[in-house]
Structures are given as structure tokens and as C-alpha cells.
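Tertiary structure, described
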Amino acid sequence: MTSIKEQAAISRLLSFLQDWDNAGKVARSHILDSFIETNQGKTAPELEQEFSQGASLFLVRLTTWLRLTYMTGSCLDKLLRSIGIFLSAVSSNRYLIEFLEVGGVLTLLEILGLEKIKEEDKKESIKLLQVVANSGRKYKELICESYGVRSIAEFLAKSKSEETQEEVQVLLDSLVHGNPKYQNQVYKGLIALLPCASPKAQQLSLQTLRTAQSIIGATHPSIVDCVLKVLRTMHLEVQYEAIELIKDLVNYDVCPALLRGLVDLLIPSVRETSKLQPKILNDSSVLQLTAQLPVFLQQAAAAKTIGANPLPRVLARSNTSLAQEMLHLRVVHSLLSAMGNTDHSNSQRQASLTLQYFVQTFPVVEQHVRKSMGEELYQLFLSSPENLYMKIDSIQADILAANKVNVTRELHLTEACSSMSFCFSPGNEDQNEDTEGKE
């Protein structure tokens, strides 16, 4: 038989549940306020004690009301926070299973796609999905199986709140860890986010991609084109993250394509640079726009990525073999052409700083650059590469833009001579004689 104390507790629980069942929207909102204030941070055993071992009876009412009203947004933030108290409580696995059994994950994902729902409510939905994902691998798989990656990624791209977007990043980061079955799906979703219109979403996606790349260990072919296009951005924080990702990607099989793409960006196509020509001829106010033409932003970023000074670790400076590969791709010719781009001073500056490294490191480059520039311009370049763009005239800019420098032939000859020297060195001759003697 139950004691009088237990009977009283059960009576209070039944009375509370009856009040909830009979309450309208306003009254339920007050009940939720009181519940949140009283039970925030409690463990599952403490919640059971609070509800006389019947906490699940209240949770099922919350989840039922959620499924009935989430499309209207009625008290949605309080409702999600109340459910969150159950799901995030210590030893709350039973509550989590009960929530998932009634389609909780699908409901949370659907909330993200509803236009009428407030941003703050969607943020609470993301937080609940974080709780689900952090509960273990099978729960991460459940989110992914419910087309969660697509829903979450689309919400990140459309969200107007940076704080909410940062919460989404935490969720995506959780989904890429300890989720081998679907980690590639998350990886591809992050790549798909790179062309989106939100700079914050691009920045966060690039950051998370670096983590995902190290976990997966293999690359997707589309990543090269996507990350290079991000270099067109006017947002320096996004450009910085793109450059950091590029520095990671050169350690993977996409390195040749990546280097080729960077060098190609140093000379924008005629089609790209001619887009504004008709407007420029007819409207003098458009002249100001050429300095921010995306293709020129991309050109400057490419030069900076290849080897300019402001970066603590850049491709050419961090790896001589990468620099040599870029020489074969005619990077010197492309850098000189960028230095002659009077439409974008930052391209000129970054290209000049990068060329300085190649001139100082490779004698063959120094010879060709000196010959191409002419002694006067070359000395001007040596004295102040960072400010060269402010000192050259239009004729000198044309000389740079029209250069024909090609060091690849000398590189091939040098490499061939080095190979022959190694083959016919005294040590190798002895080795060959020993081999012949053994035969």
C-alpha cells in the first residue's frame, strides 16, 4: 500500500497534469515559465522526484503540444526550452528515447525550414539537435538519415543571426565527429555551402571543413573550384579562412589542380574583365566599381595565397617543392601580369611581394625578371616591392602586363643536369661497378 505522503504526491501530480490539460495558450505559457524557472539544470532523478516518478507524463504532453502547434510558433521557444530540460538532464536517456519515438528529430528539422517561425525559436531547435547529436553515434546517424544535413545546411545559409549560425556550426562539427557512416555526407554539405550569399555561413563552413578534411582524409573533386571562388569575397575574414583551408588542401591529391587554379587566377580572363567595359565608357561613376570587381579580388587573394608577406605561413614560403611546381606553371609570368593590373592596386601589391620571394630564392627567376623589366624598373622593384605599384607609370605597367617570361625551359635543363650529375657522380660509379662485379 502507498503511504499518505506518496498519495499526496500522486494527487499533486494528477492535479498538475489536469491543470495543463484544461489550460489555454496563455495559462500553459505561465506553466512553462514556472517549470523552466524551477527545474533548469536538474538531473533526471531530481525531475522524477519533482513529478512523483511521473515526469514522462508531462514530457509526453509537451511533445504532443509541440507536434500540434510548431507550425504556428505558439509558445515555441518556451516549449522547446522545457523539452530541453528533460533531454539535457543527467541520466536522461529514457527521456531522449521517448522524444525520438514520437518523431522529435523530424519535428525539430521541420522547424528549421518554416519561414513564419522566429529565428530565436529555430535557435532553440538547433540546441535540442545538439543534445541529440551529442548523445552518441546512433543519434547522429538518426539525424543524418532524416535528411538532417541538408536541412541544417540550408538553415545556416539563410539564417540572419550570427549567434544562431555559430550554434549551427557546433551542430555540424558534432555530426562530423564520431559519425563514420555519414561524415562524408556532412563534408559534401559543407562544400555545398561555400557558394552561398551569407559571409558568416561561408566563414563557419570553411572552418568546419578544415576539421572534416582532417577526419575524412580524402578530398572531393568539387572542393577546389568552390574554395577558389570564395577568394572573390570582399570579406577578409572569409578570405582568410579560405586561404587556411587551401594551405591544408595542398597536402592532398588535389594539390596540382589547386596550384594550377591559383596561378590561373593571377591573369583574369578577358570575358571577366570586360564585363564592365560598356558601362565604364558611358558612365564615369562606374569607374569606382572596377577596384572591387570580384575577379580582381580573387586575383589579389591568389597572389597572397601563393606567397605574400602578410601571412605567417604561405604556400611558396612553407614548401620549396610547391614553389618549384608553380614555376613550371609559369607563376612568374602571371605575377608580372598581375603587377601591371592598374585597375586593382592590391593585386599589384600582393603580386609584387610574392614575386620578391621567387626572385630571392631562384637565380633563374632573377635573371628572367631583370631582363623582362629592364634595369631601371628592376631596381625600382628591388628597392620597394611593396610600394612599386605607386611608383610605376603607364608604360611600365604595360611592360609588366605584356611580359613573356617563361622559366620552364631552364628549369627542365637544370633538373636534367642535376639528374645526370647524380647518375655520374663518383659514388654512383663505384656503386655501378660493384653491381656489375656481382653480376
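Before reading further, recall that the structure is shown in the block above.
For the structure given in this document, a descriptive report is provided here. (Residues numbered from 1 in each chain as written. Predicted model: local features only at pLDDT ≥ 70, side-chain atom pairs only at ≥ 80, totals over all residues. Heavy atoms only, no water.)

1. Some words on the overall build of the protein
The following threshold applies: A helix here means a DSSP run of H or I that spans at least four residues, while a strand means a run of E at least two residues long, and both kinds are numbered starting from the N terminus. Three exposure classes are used, based on accessible area relative to the maximum for each residue type with a 1.4 Å probe and protein chains only: buried under 20%, partly exposed in between, and exposed over 50%. Note on contacts: a residue pair qualifies if any of its non-hydrogen atoms lie within 4.5 Å across the two residues. Accessible areas in this description were obtained via Shrake-Rupley with a 1.4 Å probe; residue shielding takes into account the shown protein chains only.
Secondary structure assignment for the protein yields 29 helices and zero strands. Residues classed as buried in the protein amount to 49% of the 439 residues present. Sequence separation of 24 or more characterises 69% of the internal contacts of the protein that already satisfy a separation of 6 or more. Of the accessible surface of the protein, which amounts to about 22000 Å², a share of 52% is contributed by carbon and sulfur atoms.

2. Remarks on the pattern of salt bridges
Which entries qualify depends on this criterion: Salt bridge, as applied in this entry: a Lys or Arg side-chain nitrogen positioned within 4 Å of an Asp or Glu carboxyl oxygen.
Applying the stated criterion to the full structure yields 16 salt bridges. A salt bridge links lysine 78 to aspartate 33, with the shortest nitrogen-to-oxygen separation between them at 3.1 Å. In this pair, lysine 78 is assigned in helix α5 (residues 76-87) and aspartate 33 in helix α2 (residues 25-39), connecting sequence segments 45 residues apart. As a salt-bridge pair, glutamate 141 and arginine 137 come within 3.0 Å of each other at their nearest N and O atoms. Highlighted residues: glutamate 141 and arginine 137, both in helix α9 (residues 137-145), separated by four residues, approximately one helical turn. Where salt bridges share partners, they join Arg210, Glu244, Lys247 and Asp248 into one cluster.

3. So, the packing of aromatic side chains
For clarity, the cut-off: For Phe, Tyr and Trp, where Trp contributes only its six-membered ring, two rings pair if their centres lie within 6.5 Å, and the inter-plane angle classes them as stacked under 30 degrees, edge-to-face over 60, or tilted in between. Charge-over-ring placement is defined geometrically: NZ (Lys) or CZ (Arg) within 6 Å of the ring centre, and within 35 degrees of the ring normal.
Applying the stated criterion across every chain yields a total of 13 aromatic pairs. Residues phenylalanine 16 and phenylalanine 51 carry aromatic rings whose centres are separated by 5.6 Å and whose planes lie at 65° to one another, so their mutual orientation is edge-to-face. Of this pair, phenylalanine 16 sits in helix α1 (residues 4-22) while phenylalanine 51 sits in the loop between α3 (44-50) and α4 (55-69); the two residues are 35 residues apart in sequence, bridging distant segments of the chain. Look at phenylalanine 16 and you get partly exposed, because its relative accessible area is 26%. Centroid distance phenylalanine 51 to phenylalanine 58: 5.5 Å. Interplanar angle 20°. Geometry classified as stacked. Accessibility classification places phenylalanine 51 together with phenylalanine 58 in one group, the buried group. Here a set of aromatic residues connected by ring pairs shows up, and it is made of Phe16, Trp20, Phe35, Phe51, Phe58, Trp65, Phe86 and Tyr95. Here the guanidinium or amino end of arginine 28 rests over the ring plane of tryptophan 65, the centre of that ring lying 5.1 Å away.

4. Observations regarding the nonpolar core
The condition is simple: The set of buried Ala, Val, Leu, Ile, Met, Phe, Trp, Tyr and Cys residues whose side-chain atoms join them within 4.5 Å is what this entry labels a nonpolar core.
Val331, Leu355, Phe358 and Met373 are the most contacted members of the largest nonpolar core, which totals 126 residues. The dominant element in this core, judged by the number of residues it contributes, is α5, at seven residues.

5. Things to note about the packing of helix α16 (residues 255-265) against helix α21 (residues 320-328)
Quick reminder of the rule: A fitted line through C-alpha atoms represents every axis, and for helices the fit uses only the stretch in contact; the resulting angles, taken between N-to-C directions, go from 0 to 180 degrees. Between 65 and 115 degrees an angle is taken as roughly perpendicular, under 35 as roughly parallel, over 145 as roughly antiparallel, and anywhere else as oblique. Crossing chirality is assigned from the near helix's rotation relative to the far helix, an anticlockwise turn below a right angle marking it left-handed and a clockwise turn marking it right-handed.
Close contact between α16 and α21 brings their axes to 10 Å; oriented N to C, the two are set at 60°. As far as their axial angle goes, α21 and α16 are oblique. Where α16 crosses over α21, the handedness of that crossing is right-handed. Between α16, through Cys255, Leu259 and Val263, and α21, the contact on the second element is made entirely by Leu322, Glu325 and Met326.

6. Digging into helix α15 (residues 236-249)
Filter applied, for reference: For a helix, the expected span equals 1.5 Å multiplied by the number of residues minus one.
Taking 1.5 Å per residue, 14 residues should reach 20 Å; α15 reaches 20 Å between its end C-alpha atoms and fits that length. With respect to burial, α15 is a largely interior element, eleven of its 14 residues being buried. Listed in full, the buried residues belonging to α15 are Val238, Gln239, Glu241, Ala242, Ile243, Glu244, Leu245, Ile246, Lys247, Asp248 and Leu249.

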